[in-house]
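These are the residues of each chain, in order.
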Amino acid sequence: MGKLRLLFAKEGRAVYISHLDLLRTFQRVFLRQGMVLRHSQGFHPHPIISFALPLSVGQASDCEILDFEVNEDMDGAGLPEALNAFMPEGIRAVDCYVPVRPVRELARLRCRVELVYDGGVPAGAAEEIRNLLLGESVVIQKRTKRKAMADIDIRPMLHSLEIQESACLLTLDAEVSAQNPGMNPALLAAAVEVHRPGLSPDFVRVRRLAVLDAEGKVFR
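Residues numbered from 1 in each chain as written. Predicted model: local features only at pLDDT ≥ 70, side-chain atom pairs only at ≥ 80, totals over all residues. Heavy atoms only, no water.

Participant: I tried to follow the overall build of the protein chain on my own but got confused; where do I start?
Facilitator: Within the protein chain one finds four helices and 10 strands. Reading the protein chain from its N end, one meets helices and strands in the order β-α-β-β-α-β-β-α-β-β-β-β-α-β. By its C-alpha atoms, the protein chain is 60 × 35 × 30 Å across when sized along the principal axes. For the protein chain, buried positions account for 41% of its 220 residues. In the protein chain, 72% of the contacts between residues at least 6 apart in sequence involve partners at least 24 apart. If you sum the accessible surface of the protein chain, you get close to 11,800 Å²; carbon and sulfur atoms cover 51% of it. With 27 positive and 28 negative side-chain charges, the protein chain shows a spacing of 6 Å between the two charge centroids. (Helix = DSSP H or I, 4+ residues; strand = E, 2+ residues; numbered from the N terminus. Buried < 20%, exposed > 50% of the residue type's maximum accessible area, 1.4 Å probe, protein only. Contact = heavy atoms within 4.5 Å. Areas by Shrake-Rupley, 256 points an atom, 1.4 Å probe, with all protein chains shown as cover. Lys, Arg positive; Asp, Glu negative; His and termini not counted. Charge placed at Lys NZ, Arg CZ, Asp CG, Glu CD.)

Participant: Where do I start with the side chain of T25 in this structure?
Facilitator: Positionally, T25 belongs in helix 1 (residues 19–33). The contact partners of T25, leaving out residues within four places of it in the chain, are P88 and I91.

Participant: Help me understand the packing of aromatic side chains, please; the structure alone is not making it clear to me.
Facilitator: The description of an aromatic ring pair rests on the distance of the ring centres and on the angle between the ring planes. One pass over the structure, following the stated rule, counts five aromatic pairs. Seen in terms of ring centroids, F26 and F30 are 6.3 Å apart; in terms of plane orientation they differ by 40°. Their pairing is tilted. Placement of the pair is F26 and F30 together in helix 1, with a separation of four residues, close to one helical turn. Judged on exposure class, the residue F26 and its partner F30 are both buried. On the basis of an interplanar angle of 45° and a centroid distance of 4.8 Å, the ring pair of F30 and F68 is categorised as tilted. Placement of the pair is F30 in helix 1 and F68 in strand 3 (residues 60–70), with a sequence separation of 38 residues. (Phe/Tyr/Trp six-rings, centres within 6.5 Å; stacked < 30°, edge-to-face > 60°.)

Participant: Sorry if this is basic, but what is going on with helix 4 (residues 186–195) here?
Facilitator: Within an α-helix, residues lying three or four positions from one another point in the same direction, as the helix has 3.6 residues per turn. Residues of helix 4 that are buried include every one of L187, L188, A189, A191 and V192, and no others. Contact partners of the buried residues in helix 4: strand 5 (108–116), helix 3 (125–133), strand 6 (139–143), strand 8 (158–166), strand 9 (169–177) and strand 10 (203–212).

Participant: Is there a simple way to explain the nonpolar core in this structure?
Facilitator: Soluble globular proteins tend to bury their nonpolar side chains together. Grouped together as the largest cluster of nonpolar side chains are 39 residues, with contacts concentrated most on I129, L133, I154, L170, L172 and L188. Every element with two or more residues in this core is listed here: strand 3, strand 5, helix 3, strand 8, strand 9, helix 4 and strand 10. Aside from chain neighbours lying at most four places away, what touches L170 is V113, E114, L115, Y117, V121, A125, A126, I129, I163, Q164 and E165. With 21 residues, the next largest nonpolar core counts M35, I49, L66 and V70 among its residues. (Core = buried A, V, L, I, M, F, W, Y, C linked by side-chain atoms within 4.5 Å.)

Participant: I keep staring at the pattern of salt bridges and nothing clicks. Help me out?
Facilitator: A pair can form between side chains of opposite charge whenever their charged atoms are brought close. In this structure the tally under the stated criterion is 17 salt bridges. Its salt-bridge partner being D21, residue R24 comes within 3.3 Å of it at the nearest N-O pair. With R24 and D21 both in helix 1 and three residues apart, the pair spans about one turn of that helix. Residue classification places R24 among the partly exposed residues on the basis of a relative accessible area of 40%. Between E175 and R110 there is a salt bridge; the shortest N-O distance is 3.8 Å. Placement of the pair is E175 in strand 9 and R110 in strand 5, with a sequence separation of 65 residues. Overall, the relative accessible area of 14% leaves E175 in the buried class. (Salt bridge = Lys/Arg side-chain N within 4 Å of Asp/Glu carboxyl O.)

Participant: What exactly am I supposed to notice about unusual backbone geometry here?
Facilitator: What is expected of a backbone is that most residues other than glycine have negative phi and most peptide bonds are trans. Residue P181 follows N180 across a cis peptide bond; omega there is -10°. Mapped onto the elements, P181 comes out in the loop between strand 9 and helix 4. One can find N180 in the loop between strand 9 and helix 4. A residue is classified by how much of its surface remains accessible, and N180, at 71% relative accessible area, is exposed.

Below, the structure is given as structure tokens:
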């Protein structure tokens, strides 16, 4: 038996597929492709398959990670192309390989948050948002696992930030903590809405670009 890691992209209409439905989608895709996955033991066996960092509904990604186990030794070569023949629109397998490092060593996300302003970017917005997000602290309220609201300072989880401006768009390219604790990149936009309501965008787009280790190298 062997362990494999699949790198895949999720975009377009597929961003609205929930985590549970995405799991079911991959189970069906593996089945249709003919891949035999290793199953758990017990009265209700299920395929051994897991996502490294489940993606929030509505967000796109170029770098989602799916770990799974098979009943034979293989290196994953050619598997992305075989799986893509059965993938729904918006989900695309990019690479498949034997995992090099455990998921616990995944430390950072390189991401892009786009703030869309239908009437044009307000004057001075880029500099004001940069000063806000790179200040000493950026406290916002976040819902906890127990469904309660709690204050959280997202500044320690923001490792780098670059802002580019066009006519109706501010593009925030950032590196944020991925886990322990992790930060949803959408909180950058939430911080603007809370602390600079006059600069709140009309729409927000979030995309993961790469997963990194603690040294900023691409995680595999």
